[in-house]
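# Analysis of the macromolecular model
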Amino acid sequence: MVSVIVVGAGLLGSSVAYHLAGPDVEVTVLDAGRPGGGTSGASFAWVNAQEKSPAGYFALNAAGVAAYPGLAASLGGDWYHPVGDITISLGPAMTKLQERVDRHADLGYPARTLDRAGLAALEPGLDLGPEELLAAHWEAEAWIDPPVLIGRLLAAARAAGARVLSRASVVELEVHGGHVRHVRLASGDRLSADIVLIAAGESSEGIARRAGVTLPMSPTPGLLAISEPLATGVTRIVHAADVALRPDGAGRLMISSREIDATLDPSVREMAPDADPCRELLARAARIVPDLRSARIEAARVGIRSVPADGMPAAGFAPVIENAYFLVAHSGVSLTPVLGRLVAAELLGDRQPELEPYRLSRFVAGASG
Ligand SMILES: Cc1cc2nc3c(=O)[nH]c(=O)nc-3n(C[C@H](O)[C@H](O)[C@H](O)COP(=O)(O)OP(=O)(O)OC[C@H]3O[C@@H](n4cnc5c(N)ncnc54)[C@H](O)[C@@H]3O)c2cc1C
C-alpha cells in the first residue's frame, strides 16, 4: 500500500486523486478552502490545443482534448459541453486563419473553414456586419464546468477509498534528510504519507519556497464577465479579434478578453459587475452578439492564471526532496485528463516520457531531472 497526500483540490489535484485512488493507494486530498474554489472556479474553461507550441506541448493538449469524451463517459454528469469553437477573422487576418486551419489539419487536429453563409447556418445569433470574413470551426473543442467536474472526480476518488478534507490549509512541508516527513496544517495537525503531491495552483510557489524548492511562477489575473440570462441563440465558444465568449448555462454568456486582462492591475482579486473593464467586455461582445445589446453583466470573476515563469507546466519530483512532487500548469483545463493520468503513473514509479520537458530541474542551474 502506498500513501499519497494531494495538496490542492483544483482540477489538477482532483484529477490525479481520481486516477490514483484504489485498493493499493491510500489518497488524502487537502484543500485550504473548498474544492474548486481556486483558479479552476474562475476559468474560461475552454478545452483546446490551438496554437500551442512546441510540438510536444501541442500533443499534450491535443491528448487532453481527445481524452475528455472518455472521462465524461466514465464520470457521468453534465459538466462537459462538446460544442466546438468558432474563430472569426476579418480582412487581412483571414489569410492567417486559413494558414492556422491548414497547419492544424496537417497535424490531424480537426478544423474546417466556414464562409459567411456557413457561419450564419451554425451560429445565427451572431451579427458580423458587412465586412468580408472567414471563420474556422474547431469541432473537437469544448468547454466544461470545472467545479462540477471536480465534484465528480472527488466523488469517484472517495468511492475508491480517498479522503477529502476541506479547510485544511498546508502551512509547511517538514523536510528532513531530503524527505517530507510531515505535512503541517494551519490547525496544527501533522499528516504523513509516502508521497506528497503539491497541486496548489498559484500558492505552489510559496509552498515550494518554504521547503527550499525553486518553482518560479508568474501569476496574472484574468477577468470573466457573465451576462444575465438571455434568450440567446449562441451555442458555441466564439473567438473574435478582441473578445471571446461562450455559453455559461441557463442562457448566460461568459465574456473574456486577453487584451482587457493585460490592462488589469496585477493585484486585483475581485471586481464589481458594473466596473469599467466589465462594461468594456460587454461592449465588445455586444458588437457581435445583438442579444447582448440591452443586457447587463450579472457577475464578474477574477481568476489567477497559475503559470510557471516560462509559461510551460511544471510536473515532477522536487530536485532536492525525493517524495515531493509539484504539479502546476496554465491550460490546466485542457490538460486535466492527461496530466491526471500521467502524474498518477509517475507517483507510482512509472516515469512518463511526455512529462520530461516539464521537470523542475529546468529552474535550477546544473540540476538534472
Ligand atoms: C481567467 C482564466 C481563464 C482561463 N481559461 C482557460 C481555458 O480556457 N482553458 C484552459 O485550459 N485553462 C484556462 N485557464 C487555466 C486553468 O483554469 C488553470 O490552469 C486550472 O484551473 C488550474 O488548476 P489547479 O488545480 O492547478 O489550480 P486551482 O484550481 O487554483 O487549485 C488549487 C487548489 O489548491 C488549494 N490550495 C492553495 N494553497 C493551499 C494550501 N496551502 N493548502 C491546501 N490547499 C491549498 C486552493 O484552495 C485551490 O483549491 C484559465 C485561467 C484563468 C484565470
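The structure displayed is predicted, hence computed values, not measured ones. (Residues numbered from 1 in each chain as written. Predicted model: local features only at pLDDT ≥ 70, side-chain atom pairs only at ≥ 80, totals over all residues. Heavy atoms only, no water.)

## Quick notes on the site of the ligand
The environment of the ligand is formed by 36 residues, the closest being D31, S40, W46, V170 and A329. Take A32: an N or O atom from its main chain is 2.9 Å from a nitrogen atom of the ligand. S203 places a polar side-chain atom, nitrogen or oxygen, 3.4 Å from a nitrogen atom of the ligand. Within the complex, the protein chains bury 93% of what would otherwise be the 1,000 Å² of accessible surface of the ligand. Listing elements by their share of the shell around the ligand, those giving two or more residues are α1 (11–20), β18 (297–305) and α9 (332–347). Tallied by class, the residues present in the shell around the ligand amount to 18 nonpolar, 16 polar and two charged. Looking at which domains feed residues into the shell around the ligand, each of domain 1 (2–63 + 146–218 + 309–363) and domain 3 (221–305) gives three or more. (Near = heavy atom within 4 Å. Polar contact = N/O pair within 3.5 Å; in protein donor to acceptor, adjacent residues only side chain to side chain. Areas by Shrake-Rupley, 256 points an atom, 1.4 Å probe, with all protein chains shown as cover. Helix = DSSP H or I, 4+ residues; strand = E, 2+ residues; numbered from the N terminus. Nonpolar A, V, L, I, M, F, W, Y, C, P; charged D, E, K, R; others polar. Domains from an automatic or database assignment.)

## A closer look at the domain arrangement of the chain
Per the domain assignment, the segments making up the chain are domain 1 (2–63 + 146–218 + 309–363), domain 2 (85–139) and domain 3 (221–305). Opposite the 11 residues of domain 2 that make contact, domain 3 presents 14 residues. Summed over both partners, the interface of domain 2 with domain 3 buries about 1,000 Å², with 50% contributed by carbon and sulfur atoms. Among the residues domain 2 hides against domain 3, the three largest losses belong to D85, E123 and D127. Together they make up 42% of the total. (Contact = heavy atoms within 4.5 Å. Buried area = accessible area lost by both parts, 1.4 Å probe.)

## Examining the sheet that holds strand β11 (residues 179–185)
Reading across the sheet, the three strands line up as β10-β11-β12 and stay open at both edges, with antiparallel pairing between neighbours. Looking at strand neighbours, the two that pair on one side only are β10 (170–176) and β12 (190–191), the edges of this open sheet. Here two bridges tie β11 to β12, and the two strands are oriented antiparallel to one another. The residue of β12 that forms the bridge with R184 is R190. (Pairing = 2+ DSSP bridges.)

## Focus: unusual backbone geometry
If a residue is not glycine, its phi is most likely negative; likewise, a peptide bond is most likely trans. Omega for the bond connecting S53 with P54 falls within 30 degrees of zero, at 5 degrees, which places this linkage in the cis form. The residue P54 is located in the loop between β3 (46–47) and α2 (55–75) in this model. With a phi angle near 55 degrees, A250 is a residue other than glycine that sits in the positive phi range. As for its position among the elements, A250 is in the loop between β16 (244–247) and β17 (253–256). Relative accessible area serves as the criterion here: at 66%, A250 is assigned to the exposed category. Even without a glycine there, the phi angle at S331 is positive, about 55 degrees. Turning to its location among the elements, S331 is positioned in the loop between β20 (324–328) and α9. (Buried < 20%, exposed > 50% of the residue type's maximum accessible area, 1.4 Å probe, protein only.)

## Considering the side chain of H179
Inspection of the secondary structure assignment puts H179 in strand β11. Beyond its immediate chain neighbours, meaning those up to four positions away, H179 contacts E174, D194, I321, E322 and N323.

## Section: the pattern of salt bridges
In total, this model carries 19 salt bridges according to the counting rule given. A salt bridge links R296 to E228; the nearest nitrogen and oxygen atoms lie 3.4 Å apart. A residue pair is termed long-range when its members are at least 10 positions apart, and R296 in the loop between α8 (276–288) and β18 and E228 in the loop between β14 (220–227) and β15 (237–239) qualify at 68 residues. Between D242 and R287 there is a salt bridge whose closest N-O contact spans 3.4 Å. (Salt bridge = Lys/Arg side-chain N within 4 Å of Asp/Glu carboxyl O.)

## Some thoughts on the sheet that holds strand β4 (residues 80–81)
Strands sit in the order β3-β8-β4 across an open sheet of three strands; the sheet is antiparallel. Edge positions in the open sheet fall to β3 and β4, since each of these has one partner strand only. As paired strands, β4 and strand β8 (residues 142–144) are joined by two bridges and run antiparallel to one another. Paired with Y80 across the two strands is I144, which belongs to β8.

## A closer look at the pairing of β17
Because side chains alternate across β17, one face comprises the buried residues L253 and I255, and the other comprises M254 and S256, equally buried. Here β14 pairs with β17 via two bridges, running antiparallel. When the sheet's bridge partners are listed, I226 is paired in β17 with M254. In terms of strand pairing, β16 meets β17 through four bridges, oriented antiparallel. The residue of β17 that forms the bridge with A244 is S256.

## Quick notes on the environment of V183
As for its position among the elements, V183 is in strand β11. Classification of V183 as buried rests on a relative accessible area of 1%. When the C-alpha atoms of V183 and V196 are compared, they prove to be 8.2 Å apart, with 13 residues separating the residues in sequence. The contacts of V183, once residues within four sequence positions are left out, are I5, L30, V170, E172, L173, D189, R190, L191 and V196.

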